[in-house]
Amino acid sequence: DLLLCVQSGEQRQISTSISCVGKNEMKIEKKGVWNLEWILKGSNECQKFDINKEFGNTGVKLVSAEISALGLELISDYPKGCKYADMNGEHQPPSFAGVKMKDGKVYTYESVVDGSGEQFETGSSGKLYGKFTETVTTKKILEVKQIKALLFFKKSAGDSETYKAEDYYEIPLEVEK
């Protein structure tokens, strides 16, 4: 997954090469190399948030979030010596569970994520502490400016598979200054 977040006023150059385009039934095979380059211009539809808020009283913090219309990158800090275990018994930060919009609507994991979310530790060399990055691509286009809070799983819903508000950590968003 590649999450490109280019802020308004910024530009990012993207380059790629394509070679050996195969044949189809209508055309003969063309051999060669094609180099493509373009400039991705920034948009206000992507925002970075400096959060530094604890998930309840776990000792684990959501450090920052980068949110675009098509995905999220969430960075958490799991301090050394922390005993918190997620809903699956893993010693890692709580997993992304959805978003709460300013109008009160809640979009849960199943209605937002396209199935390609992943969480991995970044920077503790395989230890059970440090920075964790969770990247999520969405199947629903998010109106970033309308998101009030990010939701994270506290625990499993068990056999009911129905989550209630108290089953989530709710982390409010504030625009980075």
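Structure report, in brief. Predicted, not measured: the structure shown is a model, and the values here were computed from it.

## What to know about the overall build of the chain
- Counting secondary structure elements, the chain contains one helix and 11 strands.
- In the chain, the succession of helices and strands from N to C terminus is β-β-β-β-β-β-β-α-β-β-β-β.
- Looking at the 177 residues of the chain, the share that counts as buried comes to 33%.
- Within the chain, counting contacts between residues at least 6 apart in sequence, those at least 24 apart form 55% of the total.
- Counting only carbon and sulfur atoms, one obtains 48% of the accessible surface of the chain, whose full area is about 11,100 Å².

## Re the nonpolar core
- Core analysis: the biggest nonpolar cluster contains 28 residues, and Ile67, Phe96, Val99, Leu150 and Phe152 have the highest contact counts within it.
- The set of elements that each furnish at least two residues to this core consists of strand E3 (47-54), strand E4 (61-68), strand E5 (71-78), strand E6 (96-101), strand E9 (130-137), strand E10 (147-153) and strand E11 (168-172).

## Description of the environment of leucine 62
- Within the secondary structure, leucine 62 is located in strand E4.
- The buried category is assigned to leucine 62, whose relative accessible area is 0%.
- Between the alpha carbons of leucine 62 and isoleucine 171 there is a distance of 8.1 Å; along the sequence they are 109 residues apart.
- Those residues within four positions of leucine 62 in sequence are excluded, and the remaining contacts are Ile51, Asn52, Lys53, Phe55, Leu74, Ile75, Ser76, Leu150, Phe152 and Ile171.

## Quick look at the packing of aromatic side chains
- Enumeration over the complete set of coordinates arrives at six aromatic pairs.
- Ring centres of phenylalanine 55 and phenylalanine 152 lie 4.9 Å apart, and the angle between their planes is 70 degrees; on these two criteria the pair is classed as edge-to-face. In this pair, phenylalanine 55 is assigned in the loop between E3 and E4 and phenylalanine 152 in strand E10, connecting sequence segments 97 residues apart.
- Residue classification places phenylalanine 55 among the buried positions, given a relative accessible area of 0%.
- Judged by relative accessible area, which is 1%, phenylalanine 152 ranks as buried.
- On the numbers, 6.2 Å between centres and 80 degrees between planes, the contact of phenylalanine 96 with phenylalanine 152 is edge-to-face. Taken as a pair, phenylalanine 96 in strand E6 and phenylalanine 152 in strand E10 lie far apart in primary sequence, 56 residues in all.
- These aromatic residues form a ring-pair network of at least three members: Phe55, Phe96, Phe152 and Tyr169.

## Digging into the environment of glycine 130
- With respect to the helices and strands, glycine 130 occurs in strand E9.
- The spacing of glycine 130 and aspartate 77 is 53 residues in sequence and 5.6 Å in space, taken between C-alpha atoms.

## Concerning the pairing of E6
- Burial within E6 is extensive, with five of its six residues counted as buried.
- In terms of strand pairing, E6 meets E10 through five bridges, oriented antiparallel. Residue lysine 100 lies in a different strand from E10, and its bridge partner there is alanine 149.
- Direction of pairing for E6 relative to strand E7 (residues 106-108): antiparallel, over a ladder of three bridges. Bridge assignment links valine 99 to a residue of E7, and that residue is tyrosine 107.
- Hairpin connection between E6 and E7: a loop of four residues separates the two successive antiparallel strands, and glycine 104 in this loop has a positive phi of roughly 95 degrees.

Cut-offs applied
Residues numbered from 1 in each chain as written. Predicted model: local features only at pLDDT ≥ 70, side-chain atom pairs only at ≥ 80, totals over all residues. Heavy atoms only, no water. Helix = DSSP H or I, 4+ residues; strand = E, 2+ residues; numbered from the N terminus. Buried < 20%, exposed > 50% of the residue type's maximum accessible area, 1.4 Å probe, protein only. Contact = heavy atoms within 4.5 Å. Areas by Shrake-Rupley, 256 points an atom, 1.4 Å probe, with all protein chains shown as cover. Core = buried A, V, L, I, M, F, W, Y, C linked by side-chain atoms within 4.5 Å. Phe/Tyr/Trp six-rings, centres within 6.5 Å; stacked < 30°, edge-to-face > 60°. Pairing = 2+ DSSP bridges.

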